[in-house]
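Fold and contact review
Residues per chain, in single letters:
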Amino acid sequence: ITHNKDGGYCDTPDRDPAPVFFSENVQTILKKITGTDFNKVFRQRFDEKKLSPPEYKFMTDEELKQKMKNAERLSSKILQMPPVLKERQAISNILSRDPAITGFENCKFVFTDITYGLPDRKRLVVVRDPDGTLRQASWEEAERMNQIYNPRPGRKLKPPKLFQEEHLTNVLERGEYEFVLDSACAQFEPDDPEYLRITSVVYESVDKKRCYQLLHSTRHYGPLCFYLTWNKKIENLLISLLQQEKLEACADIVRLYQLIHTDCKSKMINVDPNQHLELLKAYVEHDSLQQQQLQLAIQAYQEIVRERQQYNENVKTAHGL
Amino acid sequence: MMASLVVPRRWYRYLDTLNARYLGSLRAKYLNSVSIRYLDTLSSRYTASPGTLQRHFVTLVPSTSHMVADAHIKLRQQQEAVNQVMCCTPSGPLIYSRRTTSFFNKLTAEQLWKGVTSVSNAGRKQGRGKGVGKKIAKDLNRGQIIGVGQENMVWPGLNAPVIRGRELVQQKKLPKDEEREARLIKIRNTMGSFRALRLDPLDRGWCGNKMPGRSIGPPNPIEDDKFEGFDTRVLELKIVTCMTAVFGRKRRFSMFVVTGNGNGLGGFALAKATTISDVTRKVKNRAGQKLLYIERYNEHTVLHDFFTYFGRTKIFVKKMPEGYGLVCHRAIRTICQTLGIKDIHAKIEGPTNVQNITKAFFLGLIRQKTHQKLADEKQLHLVEFRKENLNFPKVVATPQSGKVRTQEEIPNNEELDFTQHIMDGKVQLVKKKYPAPYEKLPSYEIYLKKYARRRNHQKVMLNMLVEEGEYRSFYTDQYPECRPGYSSKSEEAEAW
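The structure presented is a predicted model; accordingly, all values stated were derived computationally and were not measured. (Residues numbered from 1 in each chain as written. Chains lettered and ligands numbered in written order. Predicted model: local features only at pLDDT ≥ 70, side-chain atom pairs only at ≥ 80, totals over all residues. Heavy atoms only, no water.)

**Comments concerning the overall build of chain B**
A count of helical and extended segments in chain B gives 15 helices and 17 strands. Of all 496 residues assigned to chain B, the portion counted as buried reaches 31%. Contacts in chain B between residues far apart in sequence, at least 24 positions, make up 55% of those at least 6 positions apart. Per element, the accessible surface of chain B, about 33500 Å² overall, is 53% carbon and sulfur. (Helix = DSSP H or I, 4+ residues; strand = E, 2+ residues; numbered from the N terminus. Buried < 20%, exposed > 50% of the residue type's maximum accessible area, 1.4 Å probe, protein only. Contact = heavy atoms within 4.5 Å. Areas by Shrake-Rupley, 256 points an atom, 1.4 Å probe, with all protein chains shown as cover.)

**Observations concerning the pairing of strand β13 (residues 313–319) of chain B**
Residue and element names in this part refer to chain B. Of all the seven residues making up β13, five are buried; the element is thus mostly covered by neighbouring parts of the structure. Note that strand β12 (residues 306–310) and β13 share five bridges and pair antiparallel. Among the inter-strand pairings, tyrosine 309 is bridged to a residue of β13, identified as lysine 314. Taken together, the six bridges between β13 and strand β15 (residues 344–349) define a ladder with antiparallel strand orientation. Bridge assignment links valine 317 to a residue of β15, and that residue is alanine 346. (Pairing = 2+ DSSP bridges.)

**Observations regarding the nonpolar core**
Counting residues in hydrophobic clusters, the biggest one holds 59 residues, and the most contacted among them are A:Leu30, A:Tyr221, A:Phe226 and A:Leu238. Per-element tally for this core: the top contributor is helix α12 (residues 247–260) of chain A, with nine residues. Dropping the residues within four chain positions of it, A:Leu238 is found in contact with A:Cys250, A:Ile253, A:Val254, A:Leu280, A:Tyr283 and A:Leu294. Membership of the second largest hydrophobic core comes to 26 residues, among which are B:Val258, B:Val354, B:Ala360 and B:Phe362. (Core = buried A, V, L, I, M, F, W, Y, C linked by side-chain atoms within 4.5 Å.)

**Quick word on the sheet that holds strand β11 (residues 292–293) of chain B**
All names here are of chain B. Pairing in this open sheet of four strands is antiparallel, and the strands run β8-β9-β10-β11 from one edge to the other. Edge positions in the sheet fall to β8 (231–244) and β11, since each has one partner strand and no second. Pairing analysis gives 13 bridges linking β8 to strand β9 (residues 248–260), with the strands arranged antiparallel. Note that in β9 the partner of leucine 237 across the bridge is methionine 255. Lying on the sheet, helix α9 (residues 330–339) is in contact with β8, β9 and β10 (265–273); it crosses β8 at an angle near 130°. Packing of helix α10 (residues 354–366) onto the sheet brings it into contact with β8, β9, β10 and β11, and relative to β10 it is tilted by some 155°. (Axes fitted to C-alpha atoms, helices over the stretch in contact; angles between N-to-C directions.)

**Considering the confidence of the model for chain A**
Note: predicted coordinates in regions of low pLDDT should not be interpreted at a detailed level. Looking at chain A, the pLDDT average stands at 90 and 94% of residues meet or exceed 70. Contacts of residues 1–8 of chain A to residues separated by more than four positions or lying in other chains number 14 contacts, the stretch itself having pLDDT below 50. (pLDDT = per-residue confidence, 0-100.)

**Side note on a nonpolar patch on the surface**
On the surface, a cluster of nonpolar side chains totalling about 340 Å² of accessible area is made up of A:Ile101, A:Phe104, A:Phe109 and A:Phe111. The topology assignment puts A:Ile101 in the loop between β2 (94–97) and β3 (109–112). (Patch = residues over 30% accessible without salt bridge, like charges linked within 9 Å, V, L, I, M, F, W, Y side chains within 5 Å. Salt bridge = Lys/Arg side-chain N within 4 Å of Asp/Glu carboxyl O.)

**Side note on helix α4 (residues 61–78) of chain A**
In a regular helix each residue adds 1.5 Å, so 18 residues correspond to 26 Å; α4(A) covers 25 Å between its end C-alpha atoms and thus fits that length. Of the residues making up α4(A), those classed as buried are A:Leu64, A:Ala71 and A:Ser75. Projected down its long axis, α4(A) shows its buried positions confined to an angular sector of 40°, all on one face. For α4(A), the exposed residues lying more than 90 degrees away from the buried face are A:Lys65, A:Lys69, A:Arg73 and A:Lys77. In this fold, the buried residues of α4(A) make contact with α3 (38–41) and β1 (55–59) of chain A together with β16 (381–385) and β17 (394–397) of chain B. (Expected span 1.5 Å × (residues − 1). Arc of directions from axis to C-beta.)

**Details of the interface of chain B and chain A**
With 35 residues of chain B at the interface, the matching set in chain A holds 27 residues. When the two sides are added together, the surface that chain B and chain A hide from each other amounts to roughly 2800 Å², 66% of it contributed by carbon and sulfur. Per-residue buried area on chain B facing chain A is highest for B:Phe385, B:Glu388 and B:Phe392; these three make up 22% of the total on that side. Taken together, chain B and chain A are joined by zero salt bridges. At the boundary of chain B with chain A, the tally comes to seven residue pairs in polar contact (both at pLDDT 80 or more). A per-element tally of the side of chain B that touches chain A places β16(B) first, with five residues. For the side of chain B that touches chain A, the class distribution of residues is 18 nonpolar, seven polar and 10 charged. (Buried area = accessible area lost by both parts, 1.4 Å probe. Polar contact = N/O pair within 3.5 Å; in protein donor to acceptor, adjacent residues only side chain to side chain. Nonpolar A, V, L, I, M, F, W, Y, C, P; charged D, E, K, R; others polar.)

**Things to note about the confidence of the model for chain B**
Residue and element names in this part refer to chain B. Looking at chain B, the pLDDT average stands at 84 and 80% of residues meet or exceed 70. Of the regions scoring below 50 in pLDDT, residues 81–89 engages in 17 contacts with residues more than four places distant in sequence or in other chains. Our summary of model confidence lists the complex with pTM equal to 0.72 and ipTM equal to 0.85.

**A look at the pattern of salt bridges**
Pairs can form between side chains of opposite charge whenever their charged atoms are close. Per the counting criterion, the structure on display carries 36 salt bridges over all chains. Members of the salt-bridge network, linked through shared partners, are A:Arg88, A:Asp120, A:Arg121, A:Glu143, A:Arg152, A:Arg155, A:Glu189, A:Asp191 and A:Asp192.

**Side note on the sheet that holds β15(B)**
Residue and element names in this part refer to chain B. In space, the four strands of this open sheet follow the order β12-β13-β15-β14, with mixed pairing throughout. The sheet terminates laterally at β12 and β14 (326–327), the two strands that pair on one side only. Each of β12, β13 and β15 touches α10; the most contacted strand, β12, lies at about 140° to it.

**Quick look at the environment of B:Ala273**
Residue and element names in this part refer to chain B. Take alanine 273: it is sitting in strand β10. Taking C-alpha positions, alanine 273 is 27 Å from leucine 202, a pair spaced 71 residues apart along the chain. In this view, alanine 273 contacts Arg252, Phe253, Asp278, Val279 and Lys282; residues no more than four positions away in its chain are not counted.

**Digging into the packing of aromatic side chains**
Taken as a whole and assessed by the stated rule, the structure comprises 23 aromatic pairs over all chains. Plain terms: the ring middles of A:Phe42 and B:Phe392 are 4.8 Å apart, the flat faces sit at 25° to each other, and that makes the pair stacked. Residue A:Phe42 is located in the loop between α3 and β1, and its partner B:Phe392 is located in the loop between β16 and β17; the two belong to separate chains. Residues A:Phe42 and B:Phe392 agree in their burial class; the two are buried. Three or more aromatic residues joined by ring pairs make a cluster, and in this case those are A:Phe21, A:Phe22, A:Phe226 and A:Trp230. One residue, A:Lys57, lies across the ring of B:Phe385, its end atom 5.0 Å from the ring centre. It is B:Lys319 that lies over the ring of B:Tyr297; its NZ or CZ is 3.5 Å from the centre. (Phe/Tyr/Trp six-rings, centres within 6.5 Å; stacked < 30°, edge-to-face > 60°. Lys NZ or Arg CZ within 6 Å of the ring centre and 35° of its normal.)

Here it is as C-alpha cells:
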C-alpha cells in the first residue's frame, strides 16, 4: 500500500470515504471518542465581542436538568463533524457551442441565477467564453459568484494567505491546529481539493507532533481519527492513548479500523468486545505495521498497572488491612 | 579698653545717622536715655568693622584718626550698596567697649527667632504674618558639622581620631576655610522662601498638587505586623476651626483616608491634628486599626449588584465584567483601587459628601451575600449564565444541606428573580434613551446617504493591505503617480 506524499485519501484513490463516514456505526464511534468536555466546548472564544456581566438564576433540580439537556443539544450541534468526502470532479458541462460569435468580446461573461432561497450548490452559474461556448461555470467560478451575491460570514473571495504552504507550516509549528481547521471549514467546501490538501497537512502535522489532545472535544477530532484510520496511521494515536490509559478509546479506534478496512485479519478473531486490551492485542498481532512499538507500549502500560496494584496492596498491608 | 565691641545693628544705626531731625524719633524707637548717653560717650572712639555691617550685630573696632576717615567712606559705600537711608554723616570716631555675654547667648535659638519673626496676637487677628511677607525661622545649624567652625582646628576625639596609627593626634590649627562662610550663606539664602510644590504626575491625586487622592504610604508597623502591601489614600483634607477661650480661633487639619492591601482588606478613618505630618500619621494608623474584609468575585469585582445608602447619599452599584473599569465617583474609585476591585459601575444619587459615600459603599460591601449563602437561603441551586460561554449553565453554589426544594415546595409569591432578591424588591429607575435631536432632521438622512459611500472604506483598505500589500486599483500599474506617497521629485531622483 503506497502513501501519497501529500496524504489524502489515497489508499485506494477511487474509494469514496463518504458512505463509510456517514454509516451509523462509524458515526457513533467517532462521536464517542470525540468526547464532550463542556469546559472546552463552551469556552470563551476571543471574537472581539463586548463582555457583559453574568446573569444568575435560582433553579430547582428539574430546571437545572432541562438546562443541561439544552446545553448538551447545543454542544452536539457545536461538535457536528465536517463531512469527509471524495475530491470533487471538474465540471465539464457545455450547454451550447456558438463559434459564429467568436471574438464578440475579449472577456468572459458569467450569468448567475440569484433566485432567493436556492442553496449554493443548486444555483445555476453559466459562462459564455470569448470563443462562443456557453458552459456551466467551474467550481471555482461558481463559488466566487456565490460569495459575491450571497456572502458567507468567515469566507473571503480570495483564499487567505494562511493556506499557502510556507505560511501553513509556520502556523502549524505554533500548534494552532484548531484555528487552521476552522478557517478551512469556513473558506472551502468539504469536497474542494484545497480543503482536502489543507486538512491532510494538518492531520499529518498533528500525528507527527502527537498533539491529539489539542483537538479532543472539538469537531475536528472525528475526521482526524477517520483520516488516520483510513490511511492506516493509527499507531501513534494508539500509543498516546495507551499512555493516557484510555483503553476504551483504543478499542474504539481498533473497531473503527475494522469497520473501515473490512478485509482486515483481526476481524476474523472473535474477541469479547468488552475486553479492550485483548482487542488491541489482536490488532497489534495481525494488522499493525509497527508491531514492536505498540507491543512495547502495551507492555509499559501493563507494567504500570501491575506496579500500581502492588503499591496499593503494600499500602493496605502496611495499614494492617 | 581697646578691644572690639559687638553691638546690635540698630544701635549702630543710631550712632551713624545723627541727623538732628532723625535723632528724636530714633531715640524714641530704639533706645532709652541711658543707652543714648552711653553711646554718645563711646561714639568718639569706635568705628564699625566694615564687613560686619550687614549682620544683626555690628562689631565696632577702636578707631584711629586716620582710620576714621577711611572707615567713614567705606561705611558709606557699603551702606549705599545695601540701600540704607543715609541721613547725615556721623559726627566723629566711635565707641570702645566689649561685653562677653549678652542676651544673644542667654536665650535659646527658638526664642531669638521668635523675637525676629513673630507677629503679635492682635496682628495675627488682623491677618498679619500669614501671606507672602511671613518671616520663616531659618535653621542655622544646616550646613554645619559639630566640631567644625569658624576656626578651622583639628580637635582629636571630635573631628579627628584620637590615635592615628601609633601616634596621638595633637590639637592643630589649620588655615582658615575661605569658602565656609560663603557656603553657609548660600544655604541660608535658599531657606525661608515658600515655593509651590512640584509633584510628579504619577503621584498626583485627583486634586492637582493638593492631598486628596494622593497616597500617604502604609500604616506604621506595629511589632510583627508590617502592613505589607497596604496603601493609604487621602479622600478629604480640610482645615477646621473652632473658637477657644484662650487662643481664639483654633485651626486644625481634618483628614479622611481609606487604606487597603489590594486584596479585599481595607478600612477608613478620620483624624484631626494641628500639623499635616501629625494628622497623616494619626489617621493612617487609625485606619490600619479598623480593617474590614470584603468579598470579591474572581478578585476583580463585587459579588452582585446592590443598593446602599448612608445619610442622604444613595449608591446603586453594579457588577461588571473584566475590562470594564471603575466607572464611578472619584472617591469610590480610590476606595476600589485600595481594596482591589477593578471593574464596577456605581451611580450616586443625592449629596456627594465624601464621608457618607465611603460609609455607604463600605456598608454595601460588607452586606454582600456570598453565592453559598444565597443558595443556602433559598435552598436552590445558584446557576451562572455567561453570554461568552454561550449561556452554559454553570452551577456556582448548591445548598450545603444537600436538600434542594422542588417546584411544589416553592410558594407562589416567593421572589425567585435573582436581581429582585438581591435588591430587596427595589428596582432602579432606568431612564429611557431618546434619539439625538438631530436624528429627526432631514439633513441627517442626507448625511447618512453621503456617509454610506465611505462607511466601509477603512475595512476595505485594511483588507487591501493584507491581500495586495499596498493601496492599489486597476490604474496603479499603468500610472505610477496613483501610488500613495508618490511625488514627482522622487521620480526625478530615480531618473538621475
